[in-house]
Amino acid sequence: MNDTIAAIATAPGEGGISIVRISGPEAERVLMALFHPAGGRKPLTTHLLTYGHVVEDGTRVDECMAVLMRAPRSYTREDVAELQLHGGGYTAQRVLALCLRAGARLAEAGEFTRRAFLNGRIDLSQAEAVMQLIAARGEQAHRAALRQLEGGASAFIRQAADELYALQGAAAACIDYPEEITEEEAAADLAPRLGALARRLDDACDERAAHLLADGLTVALCGEPNVGKSSLLNALLGEEKAIVTAIPGTTRDTVEGEITLSGNLVRLRDTAGLRETDDPVERIGVERASRALSEADCVLLVLDGSRAMTAEERALLQSLRGRQVLVAVNKRDLPRAIDLDGLRALAPEVPVLSVSAAQPDTLSPLREALAERARVSDRLTLTQPRHLAAARRAAEHLRQAAETLRTATVDLAAVDMLAAQSALAEITGDAVEEKLLDAVFSQFCVGK
């Protein structure tokens, strides 16, 4: 924490600007060792962009803008300086080397955000939200990260912790003043409150939302050969991702693509046509298709609307009962031979959509249905895997404490209550080991 650190804060490659960031007690000195403001104006005014040049041994390296943000009004609550250079790998690397030569050291992964946490500017869940915000690939992931960055998850956890502190205080009063309140009276009051708090923590854990925010909705397109799965995939993606021919069995392996629908990430997987085959290569494709079906969040069964359903297609539809399923009756541009009413009667709970891969305007209802299945509620939930594990562990300790109150003594229940409090503190970082911090911040990029 006493070192001054520096790193490139922008992504590698060519761009409009590259930013080199410096943080620590010597940030201003390191900056002024290589930055020459136009007109020689010194010292720099805090939080004001200043035009000038980066100079090495009297030679100009780049013209740039520089800003100095004096503590505590900075991202890390230390003195922070940034140089905004022309975009490009060489210039940024050369300026970073000048910073290191002037006395800074190269920042470790996530070290700027780690210092923000250690200096009390943000808690640990907010620090994780920074990386979640950077990695967001859709509007709802972006919104969830902002809610966490603004302290939504932290506020919920701290409210739960405060309630637990009150329960711990009541337990301590029973232990210290047994003549005032008996263990039976304490158990009758505390056990239901502990159970209610455990249920509230369980209700806030949303594994489905965590999966959809991190990975998007995985949709497997399945059906018999030549029903138009590959054509439908290409139409949804708006690109020629899969090979399309009139020859059955053209698709031998899963073909994947991604789209964003109403701010929601959807991963589409085209699979080999499901049928019995003696072709060893096609058979491998069918096996992979079956595996993709089992792993998918949602199955899009594609049927050829220009012919009647086969017995195999009916059996496949029945085998998917209990799954998230959509049926796309393809080729609506051709004379219809499939019985839509009979199809809906087979699986009344499954939406049936009439589409044509050759007519893009017919795909809007399908896109809306996929977006709906990828949507995550905006209500406050815990969606980070680490938070889910800690909250569930806390809830289990609370249930154990409630059970102990009914069968044993208050002082034994207090042990489980303390363990629950420690689990909650891991989420916000109020009580956390260095090893956990290393694990969290190792996922960050160096410049953040």
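Attention in this report is confined to the structure presented alongside it. One numbering rule holds for all chains: residues counted from 1, following each sequence as written. Residues qualify for local features only when their pLDDT is at least 70, as the model is predicted, and side-chain atom pairs are given and counted only at 80 or more; totals for whole chains, interfaces and linings, by contrast, use all residues. Note: side-chain values were computed over all heavy atoms of the structure, leaving out hydrogens and water.

Re the nonpolar core
Across soluble globular proteins, nonpolar side chains show a tendency to be buried alongside one another.
Line of reasoning, step 1. Among the nonpolar cores identified, the biggest contains 37 residues, and Leu164, Leu194, Leu201, Leu382, Leu398, Leu405 and Leu424 are the most heavily contacted of them.
Line of reasoning, step 2. Counting from the N terminus, the helices are the DSSP runs of H or I reaching at least four residues and the strands are the DSSP runs of E reaching at least two. Elements with a minimum of two residues in this core: helix 6 (152-176), helix 7 (183-204), helix 14 (385-407) and helix 15 (410-428).
Line of reasoning, step 3. Contact criterion: two residues are considered in contact whenever any of their non-hydrogen atoms come within 4.5 Å of each other. Apart from residues no more than four positions distant in its own chain, Leu405 is found in contact with Ala187, Leu190, Ala191, Leu194, Val410 and Ala413. The term nonpolar core refers to a set of buried residues drawn from Ala, Val, Leu, Ile, Met, Phe, Trp, Tyr and Cys, joined through side-chain atoms within 4.5 Å. Burial classes follow relative accessibility: with a 1.4 Å probe on protein chains only, a residue under 20% of its type's maximum area counts as buried, one over 50% as exposed, and anything between as partly exposed.

Some points on unusual backbone geometry
Line of reasoning, step 1. Here Ala71 and Pro72 are connected by a cis peptide whose omega angle stands at 0°.
Line of reasoning, step 2. Position of Pro72 among the secondary structure elements: in the loop between strand 5 (59-69) and strand 6 (80-86).
Line of reasoning, step 3. Look at His47: it is not a glycine, yet its phi comes out positive at around 60°.
Line of reasoning, step 4. Along the chain, His47 turns up in the loop between strand 3 (35-37) and strand 4 (50-56).

Points about the packing of helix 6 against helix 7
Line of reasoning, step 1. Axis definition: a line fitted to C-alpha atoms, over the contacting stretch in the case of helices. Angles run 0 to 180 degrees between N-to-C directions. One way to put it is that helix 6 packs onto helix 7 with a least axis distance of 10 Å and a crossing angle of 165°. Comparing the axis directions of helix 6 and helix 7 gives the class roughly antiparallel. Crossing hand, helix 6 versus helix 7: left-handed. Counted together, Phe156, Ile157, Ala160, Glu163, Leu164, Leu167, Ala170, Ala171 and Cys174 of helix 6 and Glu183, Ala186, Leu190, Arg193, Leu194, Leu197, Arg200, Leu201 and Ala204 of helix 7 form the full contact between these two elements.
Line of reasoning, step 2. Each residue is assigned to one class: nonpolar for Ala, Val, Leu, Ile, Met, Phe, Trp, Tyr, Cys and Pro, charged for Asp, Glu, Lys and Arg, and polar for all the others, Gly among them. When its residues are assigned to classes, the contact of helix 6 with helix 7 shows 14 nonpolar, no polar and four charged. Angle categories: roughly parallel below 35 degrees, roughly antiparallel above 145, roughly perpendicular from 65 to 115, and oblique for all the rest. It is the rotation of the near helix from the far one that decides the hand of a crossing: anticlockwise by less than a right angle makes it left-handed, clockwise makes it right-handed.

A closer look at a nonpolar patch on the surface
Line of reasoning, step 1. The grouping of Leu100, Leu106 and Val446 at the surface amounts to a nonpolar patch, some 220 Å² of accessible area in total.
Line of reasoning, step 2. The topology assignment puts Leu106 in strand 7 (residues 105-106).
Line of reasoning, step 3. Judged by its relative accessible area of 46%, Leu106 falls in the partly exposed class. In this scheme, patches are assembled from residues that exceed 30% relative accessible area and form no salt bridge. Like charges are connected within 9 Å, while nonpolar side chains (Val, Leu, Ile, Met, Phe, Trp, Tyr) are connected within 5 Å. All accessible areas in this document rest on Shrake-Rupley with a 1.4 Å probe, and a residue is counted as covered only by the protein chains that are shown. A pairing counts as a salt bridge when a side-chain nitrogen of Lys or Arg comes within 4 Å of a carboxyl oxygen of Asp or Glu.

With respect to the sheet that holds strand 12 (residues 325-330)
Line of reasoning, step 1. Taken together, six strands build an open sheet; the order of strands is 9-10-8-11-12-13 and the sheet is mixed. Of all strands in the sheet, those with a lone pairing partner are strand 9 (255-261) and strand 13 (352-354), marking the two edges. On average, adjacent strands in this sheet sit at an angle of 25° to one another, irrespective of strand direction. By definition, two strands form a pair when at least two bridges between them are found by DSSP.

Some thoughts on the side chain of Asp79
Line of reasoning, step 1. If you trace the backbone, Asp79 turns up in the loop between strand 5 and strand 6.
Line of reasoning, step 2. Although buried, Asp79 forms no salt bridge, and the nearest oppositely charged side chain, Arg70, lies 5.7 Å from it.
Line of reasoning, step 3. Polar contact criterion, stated in full: a pair of N or O atoms within 3.5 Å, where within protein one must be able to donate a hydrogen and the other to accept it, and residues adjacent in sequence count only if both atoms are side-chain atoms. Within polar-contact distance, the side chain of Asp79 engages the backbone nitrogen of Ala71 at 2.8 Å.
Line of reasoning, step 4. Those residues in contact with Asp79 that sit more than four places away from it in its chain are Ile22, Ser23, Gly24, Pro25, Ala27, Met69, Arg70 and Ala71. His is not counted, nor are the chain ends, whereas Lys and Arg count as positive and Asp and Glu as negative.

Structural notes on the environment of Leu317
Line of reasoning, step 1. When you line up the elements, Leu317 lands in helix 11 (residues 311-319).
Line of reasoning, step 2. Along the backbone, Leu317 and Val350 are 33 residues apart, and their C-alpha atoms lie at a distance of 9.4 Å.
Line of reasoning, step 3. Contacts of Leu317, omitting those with residues within four sequence positions, involve Leu301, Val327, Leu343, Leu346 and Ala347.

Topic: the environment of Gly223
Line of reasoning, step 1. Considering the arrangement of structural elements, one finds Gly223 in the loop between strand 8 (217-222) and helix 9 (229-237).
Line of reasoning, step 2. Taking the C-alpha atoms as reference, Gly223 lies 9.5 Å from Glu312; in sequence the two are 89 residues apart.

Side note on helix 7
Line of reasoning, step 1. Here the expected span of a helix is defined as 1.5 Å times the quantity of residues minus one. The end-to-end C-alpha separation of helix 7 is 31 Å, in line with the 32 Å expected for 22 residues at 1.5 Å each.
Line of reasoning, step 2. In helix 7, a bend of some 25° at Leu190 exceeds every other bend along the element, and Pro192, a proline, comes one to four places later.
Line of reasoning, step 3. Considered for burial, the residues of helix 7 that qualify are Ala186, Ala187, Leu190, Ala191, Leu194, Gly195, Leu197, Ala198, Leu201 and Ala204.
Line of reasoning, step 4. Considering only its buried residues, helix 7 is in contact with helix 6, helix 14 and helix 15. The term bend refers to the angle at a residue between two fitted axes, each drawn through seven residues, those ending there and those starting there.

Section: the pattern of salt bridges
When the charged atoms of two side chains with opposite charge come close together, those side chains can pair.
Line of reasoning, step 1. All told, the structure shown has 32 salt bridges when counted by the stated rule.
Line of reasoning, step 2. One salt bridge connects Glu56 with Arg94, and the closest N-O pair in it is separated by 2.8 Å. With Glu56 in strand 4 and Arg94 in helix 2 (residues 89-101), this pair connects stretches of sequence that are 38 residues apart.
Line of reasoning, step 3. On the basis of relative accessibility, which here comes to 16%, the residue Glu56 falls in the buried class.
Line of reasoning, step 4. Note that Glu78 and Arg115 form a salt bridge whose closest N and O atoms lie 3.1 Å from each other.

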